[in-house]
Structure formats: structure tokens, C-alpha cells
Amino acid sequence: MIMNSPVLQALKDPVCCMTVTDQSPNVFNYKGKPVYFCSASCRAKFVADPAKYVGADSSSDTPVLETKPIPSESIPTGSIYTCPMHPEVRQDHAGACPKCGMALELEMPSLDDAESPELHDFKRRFIWTLPLTVIVTFLAMLGHRLQWFEMATQSWIELVLTLPIVLWAGWPFFERGIQSVINRSPNMWTLIGLGTAAAFIYSVVATVAPNVFPASFMAMGRVSVYFEAAAVIISLTLLGQILELKARSQTSAAIKSLLGLSPKTARRINADGVEEDVPLTHVHVGDMLRIRPGEKIPVDGVVTEGGSAVDESMLTGEPMPVSKSIGDKLIGATLNTNGALIMRSEKVGSQTVLASIVQMVIQAQRSKAPMQRMADQVAGYFVVTVVAIALLTFVVWGLFGPEPSWVYGLINAVAVLIIACPCALGLATPMSIMVATGKAATQGVLFRDAAAIENFRKVDTLIVDKTGTLTEGKPRFNQALALSGYTEDEVLGLAASLDQGSEHPLADAIVKATREKGLVIDKVEDFESSTGIGVRGRVNGKQLALGNTALMTQLNVHIESLKVQAEELRATGASVMYLAVDGQPAGLLSVSDPIKESTAEALATLQSSGMRVIMATGDGLMTAKSVASKLGIDEVYGEVKPADKLALVDKLQREGRIVAMAGDGINDAPALAKADVGVAMGTGTDVAMNSAQVTLVKGDLRGIAQARAISEQTIANMKQNLGFAFVYNALGVPLAAGVLYPFTGWLLSPMIAALAMSLSSVSVITNALRLRNSHT
């Protein structure tokens, strides 16, 4: 186990940029300093030409290694496994956490991750031993009625069938239980190990040496055995672990989705003008790259030739493609829509915007405090108490009980351990969660995990993104304003006739609106697109121009008469385009992103319940304030980047607020992961949904109120179950210990203890099922 140890330092191989450690056997002493490599071949390349891989520090004469970034698709820093609950636990192989027993997971997942080794192992153990568990349980319940064997013989048969279940299928549980004792961190595995071992060992003794037990413990021709209890506990625990591991495997889906955004190759233009497709790992700072229409931008850089509209919604949340021309910045993994570009790479690998978001998501996920920590702390005290009571029972009965006193002591101690088996305690939370998540799914609310259900009821602050969360995220034609001599329909028709030659999303919205109104779209001639400012062409002999202020200025079209209306429209969050006919202004058109019909109602409901609502969006502040004023939102943050949203969540949390973040874009992913509860719109990106703990399938914010109600009902149900489990143990353990024997002569045999244990579990499940009929 590696616990914040300097022995495993993160170093970069200067040749291939892979992360290595100072434990690598491939090392070369370069100018008095050790340089580490991932392989002998990389070391050989470096030794052959060190100057190729080092640079000079401007502040020192000592050559230093270049800090070449890691390619984004190679971000995984090695097979280092860590515990979600105890991030300080790190090791280079899969296994279980020595503190809590939870299966370790890769610190940085990759796109080609295989199934968890532990999940594969547990599946195999469960499948192969489940038939044996069924047979043992069948014999225990009905064997005395069928009378296929003498009961003493049946005990031996049950022993033989149970041996592989306990000693093979259940072995990982005993290992974790022993580890919890060694590390002095008792947890649920301690209880499962003790309860299962107690039932099994007692039954083995009862089978092998039945004569050591008093005659009163004979039933139906044999001393009662509890092999079925041990077998069922192990099989159910295996099943629970399989379900948990499958769910946990989805926690890395957000990172995998982000890693998958980057293209695998880039088209590089070499110094001699020859173009070739190269792997993204071979792209370096300063390389010239060609991006054709429909291709993704490979890395961060700047446009050197050409122009186009780039869809940046997957990273910025901006619904409309951004026009790019010479000198404009490009973000890796964004989509070039309709033009051809040549760019110069400026940031590659771990320096790109995409890689930064990946790192922020990872850090936010690692900073979570799992709900199970509290349960393990309670279980720790519970374990110590139960073991102490069992030992005290054994000693007191041995010293002061009737003959055979030590046998009575052993039997009662076993009864204490069996009745204290954590089945009811272990089922209390999962059953409530299972029922609640199933019910929520039928209402369009998907919870990622139990922690989200627990925390949602505590939320007092909601941060909402604008685009795709409050609004629909799809540009629509808003209105046309006409100057004297034109009608609004004429302005719209002329603009659509000109725009039919453009592939820009704003143009598409105008053309679509024109067709919906049944207006005529005429043929355009001499069409010309001026990237970033607008379009020009001739329609029915008239020279038309449609675009922004820059285009009108370029064509010397005076638009002062329209500026007031244009500013008013921009204040509502709309994009404005001017139309000129034969060099004279004819009107303007606006395209906007409409607010969802359900948003106002949803926010009013949440605010009336006392929730503080804050808008944080990458859009301009004027646009954001306009939308906020319509929805009654007082706190607004505009032009915020992913890191700013993350910082806002962190700031509110440090103020003691319980924060929920609602968003739909990749730019929201870090904040969604950092928030106490992240809420993703089902109509948004996969990355947002994978980063969030709650997904609203319909993208309707009214689902947040439903989720809160489900959370409150579920936590109440969980408290009832936990309360019942503890009360059951509080009453059952003293009875099993024989506290009432001096007064009533009552003793609780292990058989009755096992029955009580089963009934307690049934009661917990029955109570949890009541959630299906509750109203939200």
C-alpha cells in the first residue's frame, strides 16, 4: 500500500511523455541528475541524442528537461488504484481497501478499461456456488419432512455442500474482516465475517462432535446446525457486491466521455507542404494543422488561414456556433461546421482546455465524502460492542452457569453473534435506495447513487446553467423589424432567400421560420459569405447583405435608425442581424434561444420552498440578466468558465451551503462533480449526465422538486429501517446472551436467533417496499 509516499513520485519520460516513477529500472544520469524512462527503447533514444529532448531554462545555465504535456488520450498516469473513500490509499494493483474493504478503482480510467477484476471474480464465485446455497437451504427447510436421510447424515451432507461456499466463495469476506481487525478499522466486513464464521464453526462442531452439546439442543434427531445461514449470507453478500461494483463502474464514465471527445488523428502540414494524417500523440506545439468541414479541432491553437463557424457547445455551452477567422483562438475537441481552416497548435496534451476539464472532474470526484463512511463508523462501534457482549456471555456462563456451563457459554455466545449478524443493518439502506430509485425512474428522475438521495433533501442552494437548462438550447427565429417601404414578411423572406446558401445555424433558424410561415424563398445568385460578419448576394436583381454591424460598416450602410431596437433586442439575449437592400438599410432580424415552458413554474416552486437560486452561464452578462429578470432570479454570474463555476460551488460550500448544480454541457461537468448534488438535463451531453448524481430525463427542472420529495421520503424510510435494525439488536442480543434466564428461564438457541435474523430482514424489506406507494 502506498500512502502519500514520496517513493512513488510522478515523473515524465522526456521521450514519450508518459508518466513514470523513480522506481523505474530504466534510468540515465544526465549531467548529474537522474532521468527516468518508461522503457529501455526510450532510454536508448535519449542517450543517442539528449539535446533533442531537453531545453535550457532562461534563468539558469543548467539544462533541464522539457515539460512536454501528456497527450489527452494518454492522460492515465499508470495503473494506480485508489479507494474512493480513502484517497490516501494507493497501490499499483487491484484489490480491497485495507481500511474499509471497498474495492479499489483506477485513479485515472482509460477508454479501454476492462471489467473490474473484482467484479469478474465475485460473479464467478456467486454463479458457481449459488446452486449449492439453494440445495443447502432446501435441505435445512424441508429435509426433516422429506426424510431422505437420517438427520445426522443430512448434517454431514450440508457440511460438505457448505464447505466450498464458505471457504472459497466467502474467503474474500473473511480476508477483509481480518484486515479490518489488523488495521483497527472495524466495518461491515467485520460483522459479516464474524456472523458467518460463528454460524459455520458452530455448525461444524455440532456435526463433527454432537455429543459435546446437552440433550436439550437435540432437535429432530440431531443438534441443530446453521449451514444455510452461513451459505445464504455469503451468496446475498456476493450479489450485493456485484450490483455495487457495476454501479461504481459508471463513476468513470464522465472521464471516458471526455477522453473520447478528442479525435484520434490530426492532419498535419509539414514544412515541405505535404499533408499527412498523424496520431494526436505526434502533434507538437507549433505544428500547422488543416481542419476540414465536419472535423473536430484536434488541439488548442489559433487560426492562420480560412474561416468557419465552430460549434463549441460541447465545451462552452454556447448554443450557437462561433465564427472564426484569422487570429481567432480554437479549442480542441470542438467541431468545425462548414468552412476550411488552417491552424497553428499552441497547447497540446495535458495543457488543453479538454484535459484541464478532465483533471477538474477527477479532483472533484475524489473530494466527495461517501455516505457509507458514517455507516462504517457506526458499524465499528457496533462490532466492538457485539464482540464484547459475546465474550462476556461466554465467560459469565462458563463461570456461573449450570452444567455443562462452558457449553452453555459457547452456545449463547454463538447465539449473540448470529442474532447480531448485520443482515438487517446491511439491508436497511440498500433496500430503501433500490425501491426509491426504481420509483424515481418512473417519474423521469435518475439517481446515480445513495449519496445523492441522502444529500438532496439538505440542498439549500441551486446553481443553474442557462443554455439547455433554463432555455431549450436551440436557436429560433424571434422577430423581424422593417423600415419604411418594407414589411416584416418581406424582410424575413429576403433574408431567408439570401441565407439559404449559408450553413450557419442562425441562417437555418431564419430559413426554417420562413418556410413555416409559407413565405416564398427566391433563388440567390452571386452568393458570398464573409466569415464572422455575414453574407451577401443578389435576389431578384436586388443586391442584399445580411450580417452584423461590421458588415454594414464595411459596405457603408448607415444603420443608426435601427440601433435602438437592436440594443433592446440584445438586452433580451437575442442575436441581431441587419438587412441591407441595394446599399440601404431595410430592417433587422433577431434569433434567440427561448426559455423552456416549464422553467418559470419550476423555479417559482423551488424558491417558494426557501431554496436560493443562482444563475451561472458562459453567455454574456446582459443576456444572462435578461433571462434572469424574466424568471425572477436575483443572483446572476455571466461569462463564467468551467473553472469559475467550480470555484463558485466551492465558495458556497465553504460558506456552509449545501449546493446542487444543474447543467447540461461539458462545461458544467466539473461543477456537477464538485457539487453536493449534481443535476444533469437528460437532453444535454453524456458527459454532463455521467458527471452528475441526478439526471432529469425530460430536461424539466420541475423534476428537482420531485427529487427532493423522494429524497425526504427515502431518508425517513432509511431511518426507520436503521432504527428497527438497532432496536432488534438491542432486544435480541441481551436475550441471546441469557440476561433473562435467571428470571424466566428463557434462552435463545442459535436456531431461533437465525429465524429472528431472517424475520428482521424481511421486516426491513417490507418497510422499504412501502416507498412504492408514497406520493411525491
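Residues numbered from 1 in each chain as written. Predicted model: local features only at pLDDT ≥ 70, side-chain atom pairs only at ≥ 80, totals over all residues. Heavy atoms only, no water.

Novice: Looking at this structure, how should I read the overall build of the protein?
Specialist: Of the regular secondary structure elements, the protein holds 25 helices and 34 strands. Residues classed as buried in the protein amount to 49% of the 776 residues present. Taking the intrachain contacts of the protein between residues at least 6 apart in sequence as the baseline, contacts between residues at least 24 apart amount to 64%. In the structure as shown, the protein presents an accessible area of about 34,800 Å², 58% of it carried by carbon and sulfur atoms. (Helix = DSSP H or I, 4+ residues; strand = E, 2+ residues; numbered from the N terminus. Buried < 20%, exposed > 50% of the residue type's maximum accessible area, 1.4 Å probe, protein only. Contact = heavy atoms within 4.5 Å. Areas by Shrake-Rupley, 256 points an atom, 1.4 Å probe, with all protein chains shown as cover.)

Novice: Would you mind showing me how to read the sheet that holds strand S24 (residues 476-482) here?
Specialist: Strand pairs in the sheet, formed through backbone hydrogen bonds, run parallel or antiparallel to each other. Taken in spatial order, the 6 strands line up as S24-S29-S28-S27-S26-S25 in an open sheet, and their pairing is antiparallel. Only two strands of the sheet have a single partner each, and these edge strands are S24 and strand S25 (524-530). Neighbouring strand axes in the sheet, compared pairwise and without regard to direction, differ in orientation by 20° on average. As paired elements, strand S27 (residues 542-547) and strand S28 (residues 575-581) share 4 bridges and run antiparallel to each other. Following the sheet pairing, Gly 547 is matched in S28 by Tyr 578. In the packing of helix H14 (residues 488-499) onto the sheet, contacts are made with S24, S25, strand S26 (534-539), S27, S28 and strand S29 (584-592), and the angle to S24 comes to roughly 125°. (Pairing = 2+ DSSP bridges. Axes fitted to C-alpha atoms, helices over the stretch in contact; angles between N-to-C directions.)

Novice: What am I meant to see in the packing of helix H18 (residues 599-608) against helix H23 (residues 702-737) here?
Specialist: Running from amino to carboxyl end, H18 crosses H23 at an angle of 35°, the nearest separation of the two axes being 7 Å. Taking contact as the criterion, the partners of Glu 601, Ala 602, Thr 605 and Leu 606 in H18 are, on H23, Arg 702, Ile 704 and Ala 705. Counted by class, the contact of H18 with H23 contains 4 nonpolar, 1 polar and 2 charged residues. (Nonpolar A, V, L, I, M, F, W, Y, C, P; charged D, E, K, R; others polar.)

Novice: What exactly am I supposed to notice about the packing of aromatic side chains here?
Specialist: The description of an aromatic ring pair uses the distance of the two centres, along with the angle that the planes make with each other. Scanning the entire structure with this criterion turns up 2 aromatic pairs. Centre to centre, the rings of Phe 122 and Phe 173 are 6.0 Å apart; their planes meet at 75°, and the pair counts as edge-to-face. Of this pair, Phe 122 sits in helix H2 (residues 117-146) while Phe 173 sits in helix H4 (residues 171-182); the two residues are 51 residues apart in sequence, bridging distant segments of the chain. Across the pair, Phe 173 and Phe 122 agree in class, each one buried. Relative to Phe 227, the ring of Phe 200 lies with its centre 6.0 Å away and its plane at 65°, an arrangement referred to as edge-to-face. Of this pair, Phe 200 sits in helix H5 (residues 188-208) while Phe 227 sits in helix H6 (residues 227-248), placing them 27 residues apart in sequence. The class for Phe 200 is buried, based on a relative accessible area of 9%. Relative accessible area serves as the criterion here: at 0%, Phe 227 is assigned to the buried category. (Phe/Tyr/Trp six-rings, centres within 6.5 Å; stacked < 30°, edge-to-face > 60°.)

Novice: Explain the sheet that holds strand S18 (residues 322-324) here, please?
Specialist: On the basis of which strands lie adjacent, the open sheet formed by 3 strands has the order S18-S17-S20 and antiparallel pairing. Each edge of the open sheet is held by one strand with a lone partner, namely S18 and strand S20 (335-336). Bridge count for strand S17 (residues 308-311) against S20 is 2 bridges, and the pairing is antiparallel. From the neighbouring strand, Asp 311 faces S20, where its bridge partner is Leu 335.

Novice: Looking at this structure, I do not really get the confidence of the model for the protein. What am I missing?
Specialist: Detail in the predicted coordinates should be disregarded across regions flagged by low pLDDT. Residue-level pLDDT values for the protein average 76, and 73% of them are 70 or greater. The model gives residues 1-10 a pLDDT under 50, and that stretch makes 24 contacts with residues more than four places away or in other chains. Note that pLDDT drops below 50 for residues 55-78; the model gives that stretch 53 contacts with residues more than four away or on any other chain. (pLDDT = per-residue confidence, 0-100.)

Novice: Looking at this structure, I do not really get unusual backbone geometry. What am I missing?
Specialist: Peptide bonds are mostly trans, and most non-glycine residues show a negative phi. Of note, the phi angle at Ala 333 is positive, near 80°, even though the residue is not glycine. Here Ala 333 shows up in the loop between strand S19 (329-330) and S20. Exposure remark for Ala 333: the relative accessible area of 0% places this residue in the buried category.

Novice: Can you walk me through H4 in this structure?
Specialist: An α-helical turn contains 3.6 residues, so any two residues separated by three or four positions project in the same direction. Its 12 residues give H4 an end-to-end C-alpha distance of 17 Å, which sits within 8% of 16 Å, the value for a rise of 1.5 Å per residue. Listed as buried for H4 are Pro 172, Phe 173, Phe 174, Arg 176, Gly 177 and Ser 180. Backbone geometry just downstream of H4 places Arg 184 in the positive-phi region, at approximately 50°. (Expected span 1.5 Å × (residues − 1).)

Novice: Explain the nonpolar core to me, please; I cannot follow it from the model alone.
Specialist: Burial of nonpolar side chains together is a common tendency in soluble globular proteins. Judged by nonpolar contacts, the single largest core of 41 residues is most densely connected at Phe 447, Phe 456, Met 615, Ile 633, Val 679, Val 694 and Ile 704. Apart from residues lying up to four places away in sequence, Phe 447 is in contact with Thr 437, Ala 440, Ala 452, Ile 453, Phe 456, Gln 693, Val 694, Ala 707 and Ile 710. Membership of the second largest hydrophobic core comes to 32 residues, among which are Phe 126, Phe 213, Val 223 and Ala 231. (Core = buried A, V, L, I, M, F, W, Y, C linked by side-chain atoms within 4.5 Å.)

Novice: It is not clear to me how the environment of Leu 159 should be interpreted in this structure. Could you clarify?
Specialist: Of note, Leu 159 is situated in helix H3 (residues 151-169). Among the residues examined, Leu 159 registers a relative accessible area of 8% and is labelled buried. Here the alpha-carbon distance between Leu 159 and Tyr 226, two residues 67 residues apart in the chain, equals 9.6 Å. The contacts of Leu 159, once residues within four sequence positions are left out, are Phe 200, Val 204, Thr 207 and Phe 227.

Novice: Explain the pattern of salt bridges to me, please; I cannot follow it from the model alone.
Specialist: Any two side chains of opposite charge can pair if their charged atoms end up close together. Scanning the entire structure with this criterion turns up 21 salt bridges. When the shortest N-O distance is used, the salt bridge between Asp 121 and Arg 125 registers 2.8 Å. Of this pair, Asp 121 and Arg 125 both sit in helix H2, 4 residues apart, which is roughly one turn of the helix. On the basis of relative accessibility, which here comes to 16%, the residue Asp 121 falls in the buried class. When its relative accessible area of 12% is taken as the criterion, Arg 125 is described as buried. Of the charged contacts, one joins Arg 267 and Asp 277 as a salt bridge, the two residues approaching to 3.2 Å between their closest N and O atoms. Here Asp 277 lies in strand S14 (residues 275-279) and Arg 267 lies in strand S13 (residues 265-269), a separation of 10 residues in the sequence. On the basis of relative accessible area, Arg 267 is assigned to the partly exposed category, the value being 21%. Judged by relative accessible area, which is 47%, Asp 277 ranks as partly exposed. (Salt bridge = Lys/Arg side-chain N within 4 Å of Asp/Glu carboxyl O.)

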